[in-house]
Each structure stands twice: as C-alpha cells, then as structure tokens.
Amino acid sequence: MSSDFEKIFDKLQAAVDRYDELNELISDPEVIADTPRFMKLSKEEGSLRDLVAAYNQYKKITDAIDEDKAMLEEKLDDDMTAMVKEELSDLTKQDEEIEEKIKIMLLPKDPNDDKNIIMEIHGAAGGDEGSLFAADLFSMYSKYAEKQGWNIEVVDKSDTEVGGFKEITLMITGSKVYSKLKYENGAHRVQRIPTTESAGRIHTSTATVGVMPEAEDVDIDIDPKDIRVDVYRSSGAGGQHINKTSSAVRMTHLPTGIVVTMQDQRSQQQNRAKAMQILRARVYDYYQQKETAAYDAQRKNAVGTGDRSERIRTYNYPQNRVTDHRIGLTLNKLDKIMNGDLEEIIDALIISDQAQKLEQLNNG
C-alpha cells in the first residue's frame, strides 16, 4: 500500500462498512414496506457496489503480494524464486492500478452528474457575429448530443435577422448529461473573418453558455407565494391564433429577482409548465453558485463549472484551432469539434478535474 493510499484507507473502510449496513437494512421487512426509504437505501447501496467490488479485488491482490513476499524469505530453488519474483512484479503493478481506480471512486460525487440539463446560449460581444456564433455553438452541442444518444428540445429562442440567436434555451435529456456538459459553462470566444467583412479582417466575438442541472421538487422547494406570474399576448411567428389570447407567461422569483418568459409553446398552460421548469433550474443554479463561490473562496478550483463571464475557450477559424484556457489544451481540429466531436476536450477536462480532486483527497 502506497503512503498516500494509507491516508484514504479509513474512508474506504467506512464506505465498505456502510455497504454492509445498507445490505442489512434493505433486507429488513420494515424497510421493504417503506417504499421511499427502500428506494433511497437501494440507490445508495447501488452507488457503493462497484467500490466494494474494487476493495475486495484490492484485498485479494495485497494478500497475494504478502504470500509471495513470505515465500521469497524461504529457501527456494532458482526457478521458483524467478517465478515468484515475476508474479510479485505483476501483482505490484495491479496493486498500483487498483489503488488509482479506488481513489477516483472515492472522490466526492457531484449529486447533479446523472441529471438532464437546461442549456442557455447567448450571443454576447460582437453584435451579429456574436449571434451567429451562438447558432454555431447550438449546432455543435446538438451534434454532440446526437452522437451521445441524447435528446434535445428547443424550449425558447430569440432569432436575429442574420440567422443567429440573441439567445436560445434548450433541454438536453439522456444518460449523465450534466457530468459531460457541466464544464461548458462560461464565455466562448471566436476569432474569424465575418461574411460581411469586405476587407478580410479577423473579428473577435463571444457567446456565453449556461449549463444548469434540471431541478426536481425534491432538489429545491419553491414557495408559490414567492412567484409572481404575469400573462400577456405572444408576439412573433406562430400562426394567426398566437396574438388572440394571452398565452405568453412571465414568471418572477421574488427572493432572487430571477425572471423567466415563455411564449414558444402553443398554450398558456404549456408556457406555464415550461417557464416553471426553467425557473426551478435557474433558482437551483443560483443557490448552488452561491455555495460554490463560498467553497472556491477557500479552495480555488481551476476547472470547476465556472462563472459565465469567465472566458473558457477560444475558437480560431483561420488556424483551425481550439484552445481551452482552463487546462491549456490546444487542438488543431476546429472543423471536427464544430461538427460535434467534443469527446477529446470533455475527457481532458474530466481527467484534469479528477487529478485536482485526487490531490485534495491525498492532502486532505
């Protein structure tokens, strides 16, 4: 066992003890009869199962290492000594690998990782070019989602005359969406020659991306008295009927001042439901950001999920280059990335985040 692994061994043993306790509890008839409690405990047991299996594998390896070391202290012939030493070398390598695997498993889990997300993309600095880049980012994330087998639903959007978006709100649903896309939160910068630029000069524009986990009632309790609802007539495209009734909805969360407007759905009832979905996610995200800011003030997180004003990535079209500034990663494959091939960037961000948390775990 390495010295840094000894520091976290108590945490591992505590997890194994809890797993044994959970297995006893979910076998208790009283617990089985209490469906919500049984479901909660079963989910916790499931989350620890792989860790306990890794721990049992680790124990088998360390026991075998101890046996080989004891054998080498005995009088063996040369062939047997060579064979035991070779096995010991293999086991030592396996021991190092399983220790690293267990360390990652012991890292604090982000409770939102399994959730669907609500993503907001806003054209920021750069006027028309910023709105066009917002549309490009929407296309990039749509293609990435398709490759992941996720579903995308456009909840609300505000078009510009040049074919871009002032803003677009979408819901992405599927397996572990937030765990992959949470690092996209922030300001994305583009450097390219706009189609309207006759002199061929490179312009710099930005779009911001907000990624919020979908919040359920169990995640945040919003008092209906804290919400003011205004209804009004929709404007814009949508058919002749759209202006005849007050189907658009504006919801204001009074304690935070967060406002959500929704008019893209066919009825006031549908707009209310979508607005509430977005409002819940924004309020949940607001309080989470406050907690994160307080935490980061004590222990700075270099990757994190970031503030939306933080410049996280630059897309340079003339040089076909993408740079993620948080981890210093540069890839000369902008064309592929804009086509939804985001895996290399996202994997690098996850690995960097894990490495940082491992360091904190070892020093903690």
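Residues numbered from 1 in each chain as written. Predicted model: local features only at pLDDT ≥ 70, side-chain atom pairs only at ≥ 80, totals over all residues. Heavy atoms only, no water.

- Looking up the protein chain in an unreviewed UniProt entry gives the name Peptide chain release factor 1, with the organism given as Nicoliella spurrieriana.
- In its Subcellular location (unreviewed entry) section, the UniProt record describing the protein chain reads: "Cytoplasm".
- According to the UniProt record, the Function (unreviewed entry) comment for the protein chain reads "Peptide chain release factor 1 directs the termination of translation in response to the peptide chain termination codons UAG and UAA." (UniProt positions renumbered as here; feature names shortened; annotations may be inferred.)

### Brief notes about the nonpolar core
Part 1 of the argument: Met119, Ile121, Leu137, Tyr141, Leu181 and Tyr315 are the most contacted members of the largest nonpolar core, which totals 36 residues.
Part 2 of the argument: Residue assignment for this core shows that the elements contributing at least two residues are β1 (117–123), α5 (128–148), β3 (165–173), α6 (177–181), β5 (203–213), β11 (329–331), α8 (334–338) and α9 (343–363).
Part 3 of the argument: The residues touching methionine 119, leaving out its near neighbours within four places in the chain, are Tyr141, Ile168, Thr169, Leu170, Leu181, Val209, Gly210 and Val211.
Part 4 of the argument: Counting residues in each nonpolar core, the second largest holds 21 residues, with Val52, Tyr55, Ile65 and Leu88 among its members. (Core = buried A, V, L, I, M, F, W, Y, C linked by side-chain atoms within 4.5 Å. Buried < 20%, exposed > 50% of the residue type's maximum accessible area, 1.4 Å probe, protein only. Helix = DSSP H or I, 4+ residues; strand = E, 2+ residues; numbered from the N terminus. Contact = heavy atoms within 4.5 Å.)

### Observations concerning the sheet that holds strand β6 (residues 227–232)
Part 1 of the argument: Reading across from one edge, β6-β7-β8 is the order of the three strands in this open sheet, with antiparallel pairing throughout. Each of the sheet's edge strands pairs with one partner strand only, and the pair in question is β6 and β8 (258–262). The mean inter-strand angle of the sheet, taken between neighbouring strand axes irrespective of direction, is 15°.
Part 2 of the argument: With six bridges joining them, β6 and strand β7 (residues 248–253) adopt antiparallel strand pairing. (Pairing = 2+ DSSP bridges. Axes fitted to C-alpha atoms, helices over the stretch in contact; angles between N-to-C directions.)

### What about the layout of surface pockets?
Part 1 of the argument: Considering only enclosed or pocket space, the largest pocket measures out at about 1300 Å³ in volume.
Part 2 of the argument: Of all the elements in the fold, those that place two or more residues in the lining of the largest pocket are α1 (3–25), α3 (35–72), α4 (78–106) and α9.
Part 3 of the argument: At eight residues, α3 tops the list of elements feeding residues into the lining of the largest pocket. (1 Å grid on protein atoms, 1.4 Å probe; cavity = no way out; pocket = protein on both sides within 12 Å on 5 of 7 lines; lining within 4 Å. Points joined across faces, edges and corners; volume = space filled by probe spheres on them.)

### Here we look at the packing of α3 against α4
Part 1 of the argument: Two numbers describe how α3 lies on α4: the axes approach to 9 Å, and their chain directions differ by 155°. Considering their axes alone, α3 and α4 lie roughly antiparallel with respect to each other. In the packing of α3 onto α4, the handedness of the crossing is left-handed.
Part 2 of the argument: Within the contact of α3 with α4, the residues separate by chemical class into 17 nonpolar, five polar and seven charged. (Parallel < 35°, antiparallel > 145°, perpendicular 65-115°, else oblique. Left-handed = near helix turned anticlockwise from the far one by under 90°. Nonpolar A, V, L, I, M, F, W, Y, C, P; charged D, E, K, R; others polar.)

### Looking at the sheet that holds β5
Part 1 of the argument: The strand order β2-β3-β1-β5-β4-β9-β10-β11 describes an open sheet built from eight strands, whose pairing is mixed. Because the sheet does not close on itself, it has two edges, and the strands there are β2 (151–159) and β11. Strand-to-strand twist across the sheet, computed as the mean angle between neighbouring axes with direction ignored, equals 15°.
Part 2 of the argument: As paired strands, strand β4 (residues 186–192) and strand β9 (residues 311–316) are joined by five bridges and run parallel to one another. Considered in β9, the bridge of valine 190 is made with tyrosine 315.

### Re the environment of threonine 204
Part 1 of the argument: Tracing the backbone shows threonine 204 in strand β5.
Part 2 of the argument: Overall, the relative accessible area of 46% leaves threonine 204 in the partly exposed class.
Part 3 of the argument: For the pair formed by threonine 204 and glutamate 129, sequence separation is 75 residues and the distance between their alpha carbons is 8.6 Å.
Part 4 of the argument: Not counting residues up to four positions away in its chain, the partners in contact with threonine 204 are Arg189, Val190 and Gln191.

### Topic: unusual backbone geometry
Part 1 of the argument: With phi around 55°, lysine 176 is a residue other than glycine that occupies positive phi space.
Part 2 of the argument: Relative to the helices and strands, lysine 176 is located in the loop between β3 and α6.
Part 3 of the argument: By relative accessible area, lysine 176 is classed as partly exposed at 44%.

### Notes on the environment of serine 47
Part 1 of the argument: Checked against the element boundaries, serine 47 lands in helix α3.
Part 2 of the argument: For the pair serine 47 and methionine 105, spaced 58 residues apart in sequence, the C-alpha separation works out to 10.0 Å.
Part 3 of the argument: At a separation of 2.6 Å, a polar atom in the side chain of serine 47 contacts the main-chain carbonyl oxygen of glutamate 44. (Polar contact = N/O pair within 3.5 Å; in protein donor to acceptor, adjacent residues only side chain to side chain.)

### A few points about the packing of aromatic side chains
Part 1 of the argument: Here the structure, examined in full by the defined rule, presents four aromatic pairs.
Part 2 of the argument: Aromatic pair phenylalanine 133 and tyrosine 315: ring centres 5.3 Å apart, planes at 65°, arrangement edge-to-face. Here the residue phenylalanine 133 occupies a position in helix α5, and tyrosine 315 occupies one in strand β9, the gap between them amounting to 182 residues.
Part 3 of the argument: On the basis of relative accessibility, which here comes to 0%, the residue tyrosine 315 falls in the buried class.
Part 4 of the argument: Seen in terms of ring centroids, phenylalanine 138 and phenylalanine 165 are 5.7 Å apart; in terms of plane orientation they differ by 90°. Their pairing is edge-to-face. With phenylalanine 138 in helix α5 and phenylalanine 165 in strand β3, the pair connects residues that are 27 residues apart, well separated along the chain. For the pair formed by phenylalanine 138 and phenylalanine 165, the shared burial category is buried. (Phe/Tyr/Trp six-rings, centres within 6.5 Å; stacked < 30°, edge-to-face > 60°.)

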